[in-house]
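# Inside the fold
So you can see what is in the structure, the chains are spelled out below.
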Amino acid sequence: MKNILILDDNRDILDALSVSLCRVLKDCTILTSLTGAKGEDILKTTPIDLILTDLSMPIIKRYRFIEHVKKNYPFVPVCVMTGKCSPDVIERLQSMGVGRWIEKPFQFEQLAQMIAEELKLERRPST
């Protein structure tokens with residue numbers, strides 16, 4: 001069973017992603033957090049196989065959560081959702097060791113594929 005941690009400050013997005021990813025990715029548990037602080041708490045208590053985070057979060061701003069993860073959990077892959085994937089943002093993410101990102105608004109299918117590829121997961125057939 002793979003544990004995926006999703007962080008976004010929008011409860012509706014978290015709920016939709018959680019339900020949708022559970023439907024299409026086999027053997028995954030989805031954990032969610034509205035804040036970087038709660039995300040850090042989850043990381044302390046639960047083994048996480050992948051983090052999907054919004055780049056702009058309240059309290060822990062922009063890149064700070066990613067910096068925390070890369071320092072303390074260097075083998076956990078981080079995928080980023082962002083409203084603006086400018087060349088500067090992409091360069092910064094790459095320099096931090098983030099290899100996958102997706103720009104909002106995105107197609108859910110693209111996001112699910114990105115996560116499945118990162119974790120080498122089997123996907124359920126579309127219905």
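All of the points below concern the structure found in this document. Here the structure is a predicted model, which means the values were calculated and not measured.

## Some points on the side chain of T32
- Assignment of secondary structure puts T32 in strand β2 (residues 28-33).
- Residue classification places T32 among the buried residues on the basis of a relative accessible area of 19%.
- Beyond its immediate stretch of four places on either side in the chain, T32 contacts L5, I6, R11, L14, S18, K38 and I42.

## With respect to the pairing of strand β4 (residues 78-82)
- Burial analysis of β4 places five of its five residues in the buried class, which makes it a mostly covered element.
- As defined by bridge partners, strand β3 (residues 50-54) adjoins β4 across four bridges and the pair is classed as parallel. When the sheet's bridge partners are listed, I51 is paired in β4 with V78.
- Across four bridges, β4 lies against strand β5 (residues 100-103) in parallel orientation.

## Examining the packing of aromatic side chains
- Overall, the coordinates contain zero aromatic pairs when judged by the stated rule.
- Its end group placed over the ring of Y63, R92 keeps NZ or CZ at 4.1 Å from the ring centre.

## A few points about the environment of L119
- Inspection of the secondary structure puts L119 in helix α5 (residues 108-119).
- Each C-alpha atom of the pair L119 and K2 lies 8.4 Å from the other, and the pair is 117 residues apart in sequence.
- Once residues within four sequence positions are removed from consideration, L119 is found in contact with K2, I4, D49 and L50.

## Let's talk about the sheet that holds β4
- The sheet built from five strands is open, its strands ordered β2-β1-β3-β4-β5 with parallel pairing. Of all strands in the sheet, those bounded by a partner on one side alone are β2 and β5. Averaged over all neighbouring strand pairs, the angle between strand axes comes to 20°, with direction disregarded.

## Describing the side chain of D54
- Within the secondary structure, D54 sits in strand β3.
- Look at D54 and you get buried, because its relative accessible area is 8%.
- Within the structure, D54 has its side chain in polar contact with the side chain of K104 (distance 3.3 Å).
- In contact with D54, other than residues within four places in its own chain, are L7, D8, D9, M81, T82 and K104.

## What to know about the packing of helix α2 (residues 36-45) against helix α3 (residues 64-72)
- Interaxial distance between α2 and α3 falls to 10 Å at its minimum, and their mutual angle equals 15°. It follows from the interaxial angle that α2 and α3 lie roughly parallel. Considering how the two elements wind past one another, α2 and α3 form a crossing that is right-handed. On α3, the residues that touch G36, G39, E40 and L43 of α2 are R64, F65, H68 and V69.
- Taken together, the residues of the contact of α2 with α3 sort by class into three nonpolar, three polar and two charged.

Reading guide: rules and limits
Residues numbered from 1 in each chain as written. Predicted model: local features only at pLDDT ≥ 70, side-chain atom pairs only at ≥ 80, totals over all residues. Heavy atoms only, no water. Helix = DSSP H or I, 4+ residues; strand = E, 2+ residues; numbered from the N terminus. Buried < 20%, exposed > 50% of the residue type's maximum accessible area, 1.4 Å probe, protein only. Contact = heavy atoms within 4.5 Å. Pairing = 2+ DSSP bridges. Phe/Tyr/Trp six-rings, centres within 6.5 Å; stacked < 30°, edge-to-face > 60°. Lys NZ or Arg CZ within 6 Å of the ring centre and 35° of its normal. Axes fitted to C-alpha atoms, helices over the stretch in contact; angles between N-to-C directions. Polar contact = N/O pair within 3.5 Å; in protein donor to acceptor, adjacent residues only side chain to side chain. Parallel < 35°, antiparallel > 145°, perpendicular 65-115°, else oblique. Left-handed = near helix turned anticlockwise from the far one by under 90°. Nonpolar A, V, L, I, M, F, W, Y, C, P; charged D, E, K, R; others polar.

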